[in-house]
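# Notes for the structure review
For reference, the chains in residue letters:
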Amino acid sequence: MSTRQKVLAPVPAGAPLPGNALLQSLPAHELACLLPLLERVPLAPRRVLQHAGLPIEHLFFIQEGLVSVLAKVDGRSAAEVLLMGREGAVGATVMLGGETSDLTYFVQIGGSALRLRLEDLNRVARDVPSLCEALKGYLHVCLMQSSQSAACGLRHAVVPRLARWLLDAHDRSGLERLPVTHDMLARSLGVHRPTVSGAVKDLEMAGICAKDRGIVHIVDRSRLERLSCHCYRFLRAQADKWHWSKMKRKMVVAMSSFVAALEAELLAS
Ligand SMILES: [Zn+2]
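Anyway, here's the lowdown on the structure attached to this text.

Turning to the overall build of the protein, a few remarks are in order. A count of helices and strands for the protein gives nine helices and 10 strands. For the protein, the proportion of its 269 residues judged to be buried stands at 33%. Taking the intrachain contacts of the protein between residues at least 6 apart in sequence as the baseline, contacts between residues at least 24 apart amount to 79%.

As structure tokens, this is what we get:
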């Protein structure tokens, strides 16, 4: 599949803050520098945003939807090692110096993203140090998540893992109703389809989730959280801690700019 995407529209100057946590964590002057370079693109389900082995040409800051990060298992199949949504960006590994991707990024649930050409990022990198730092921090979070997912797959039962996957998908996609099939869930959890069907049925029977025409609706999120394995709460706490540190930094930068402007005004008066 092609990595070419239809571009909906460039992001106009003065547009509201994009619905992506990485971009929202940036100081206003860095975001203003980036906005003219961002293109809004649709994320069609089942599209490949980045193929393994091909050069990375764009970063995609996800606004809505869900992307599966896939690692090759053998010549024909791949396994999900990570989920990405509006908290992250496809292509962030360029910050580690890699020119090609080792993994495949597949749109699991459709939505939209803001696309940034890598050559544009390289051109303005000195003007957006917070973005570069945020992308590196996000990679650290990704490493923790993929490591925990590997441990989770080895030790935890299917129903708690399914609960965790649904909570992750809900948090990251920005969607209340999740368009997921049993085949998709089986691939994501690395189990057979009948096993997933049984687990989904358990959640439906307990009144925690409802499923209708390929859409899963979380009816009782607090019970789903209690049912999920420890991995969800652990990773959520780690991600929240990282995100809060970014927002705190943003507030400090904003306050410093305000104080500097106030001092200049007082000196001029
Ligand atoms: Zn787990």
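Past the structure itself, the notes keep going.
What the three strands build is an open sheet, ordered β8-β10-β9; its pairing is antiparallel. The outermost strands of the open sheet, each flanked by one partner alone, are β8 (177–179) and β9 (209–212). The mean inter-strand angle of the sheet, taken between neighbouring strand axes irrespective of direction, is 25°. Relative to strand β10 (residues 215–218), β8 runs antiparallel, the two being bridged by three bridges. What sits directly across from L178, in β10, is V216. Set on the sheet, helix α5 (residues 158–173) makes contact with β8, β9 and β10; between it and β8 the angle comes to about 105°.

The next thing to look at is helix α6 (residues 182–189). Along α6, the residues classified as buried are M184, L185, R187, S188 and L189. Contact partners of the buried residues in α6: β4 (58–72), β5 (78–84), β7 (104–117), α5 and α7 (193–205). G190 occupies a position one or two residues after α6 and carries a positive phi of about 70°.

Time to look at α7. Along its 13 residues, α7 runs 18 Å from first to last C-alpha, staying within 8% of the 18 Å computed at 1.5 Å per residue. The inward-facing, buried residues of α7 contact α5, α6 and β9.

What follows covers the nonpolar core. Counting residues in each nonpolar core, the largest one holds 57 residues, and the members touching the most others are F61, V67, A89 and L166. The biggest single contributor to this core is β4, with eight residues. Summarising the domain contributions, this core has at least three residues from each of domain 1 (18–125) and domain 2 (138–241).

Conventions and cut-offs
Residues numbered from 1 in each chain as written. Predicted model: local features only at pLDDT ≥ 70, side-chain atom pairs only at ≥ 80, totals over all residues. Helix = DSSP H or I, 4+ residues; strand = E, 2+ residues; numbered from the N terminus. Buried ≥ 20, exposed ≤ 12 C-beta atoms within 10 Å, placed from the backbone. Contact = placed C-beta atoms within 7 Å. Pairing = 2+ DSSP bridges. Axes fitted to C-alpha atoms, helices over the stretch in contact; angles between N-to-C directions. Expected span 1.5 Å × (residues − 1). Core = buried A, V, L, I, M, F, W, Y, C linked by C-beta atoms within 7 Å. Domains from an automatic or database assignment.

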